[in-house]
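So you can see what is in the structure, the chains are spelled out below.
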Amino acid sequence: MTVEPIGRTAFRTYRTFPGVVRPNENALANITTLVRGRVAEVHADLGQMVEPNQLLAVLHSSDLGLAQSAYLKARARRHVAEQAYQRAQFLFKEKVIGQAEAQRREGEMISIRAEAQEAHEGLRLLGMDDKEIRTLERTQTIRSQIPIVAPFAGRVIARDLTKGELVETTQKLFVVADLSTVWVVGNVSEKDISYMHSATALPNQPVEVHVAAYPDEVFQGTVTYVGDVLDSATRTMQVRLTLANPTGRLKPEMFVTIRVLSEPAPDVLVVPEAAVQHDRNRSFVFVQQETGVFEARTISLGNRNGTFAEVLDGVREGEAVVTEGAFILKSELLKPKD
């Protein structure tokens, strides 16, 4: 038998809330294409780790080729129009042509310049940067291949394309996520919101996260978002925690339990939960009267935290209760009498 004296301490209770692991959306990329095209090559598979700017797929787009051709034609027309305007200025000074003809050629040049600028912006909207456009101008070579690359290092957590498929601009081709940190999103009931406020009272105060896949391990997270509006149907408030995940053990869509501690209440009389026994609606402890002699004492309990229970009535501070071996005494107490 092991006995321990009942004492007073700063007592904290806790509440648990259901949650689910989500990718950190600040390190998540939904990769699409700015121009429709046919999939020519696929280089990344589901679950693969990728590096920044690593090639994921290649599309062939006739729309991009036509846009480049239109730009080169508009640029050539602009050059011709600018040359014609310069000649017109010279001829007007020499009084070979009139003012109306000079103004007409100026108007043509302005209009064609606008068309060339529109074609240039069209290429930018299709994903070509200034360097690529300058290369197009220099080489006059139309490129209809579109590389799809990873924006940062991470893991491919979704892939929705196959070779030869025609993809549209609205289609999500890949999802790349950096899972070195993850979010846990949970719902807190209205009556327990005060517990969440307690968890956020101090900056970066850790909150326990228990994962069903790892029952013997406790993860630590930090509350980074607390909802401002309750869900009218469920009467719950959404919260979000950020957890470090350097080994990648926490997977998106895992179910978890968030445990939030209350503010400590000072000077609370508590008894170890291991000492508390139950029989129907009665809770009791075995109080040591003298060595080897124990009394079953009915007690009233308040809140519990998994280690201690708050004592409202039935025992006094300093009394010794059985914490190990109480179940044996209970069996003897409840044994039918002959």
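The following refers to the structure shown. This is a predicted model, so every value here is computed, not measured.

**A short note on the pairing of strand β17 (residues 265-272)**
Right, on to step 1. Inspection of the sheet shows strand β2 (residues 7-11) paired to β17 by four bridges, in the antiparallel sense. Each residue of the ladder has a partner; that of threonine 9, found in β17, is valine 268.
Right, on to step 2. Where β17 and strand β22 (residues 308-313) come together, three bridges link them in antiparallel fashion. Across the sheet, proline 272 pairs through a bridge with phenylalanine 308, a residue of β22.

**So, the sheet that holds strand β13 (residues 206-211)**
Right, on to step 1. Reading around the circumference, β3-β12-β15-β14-β13-β16 is the order of the six strands in this closed barrel, with antiparallel pairing throughout. On average, adjacent strands in this sheet sit at an angle of 40 degrees to one another, irrespective of strand direction.
Right, on to step 2. As paired strands, β13 and strand β14 (residues 214-226) are joined by six bridges and run antiparallel to one another. The residue of β14 that forms the bridge with valine 207 is glycine 221.

**Some remarks on the sheet that holds strand β11 (residues 174-177)**
Right, on to step 1. On the basis of which strands lie adjacent, the open sheet formed by four strands has the order β4-β11-β9-β6 and antiparallel pairing. On the outer flanks of this sheet lie β4 (28-31) and β6 (49-50), each paired with one strand and no other.
Right, on to step 2. Sheet topology note: the β4/β11 ladder contains four bridges and is antiparallel. Counted as the bridge partner of asparagine 30 is valine 175 from β11.

**Quick word on helix α5 (residues 326-334)**
Right, on to step 1. Restricting attention to buried positions, one finds in α5 the residues Ala326, Leu329 and Lys330. Projection of α5 onto a plane perpendicular to its axis shows the buried side chains occupying an angular sector of 105 degrees, all on one side. Exposed and oriented more than 90 degrees from the buried face of α5 are Phe327 and Ile328.
Right, on to step 2. Tucked inside the fold, the buried residues of α5 contact β18 (277-279), β19 (282-290), β20 (293-298) and β23 (320-324).

Calculation rules
- Residues numbered from 1 in each chain as written.
- Predicted model: local features only at pLDDT ≥ 70, side-chain atom pairs only at ≥ 80, totals over all residues.
- Heavy atoms only, no water.
- Pairing = 2+ DSSP bridges.
- Helix = DSSP H or I, 4+ residues; strand = E, 2+ residues; numbered from the N terminus.
- Axes fitted to C-alpha atoms, helices over the stretch in contact; angles between N-to-C directions.
- Buried < 20%, exposed > 50% of the residue type's maximum accessible area, 1.4 Å probe, protein only.
- Arc of directions from axis to C-beta.
- Contact = heavy atoms within 4.5 Å.

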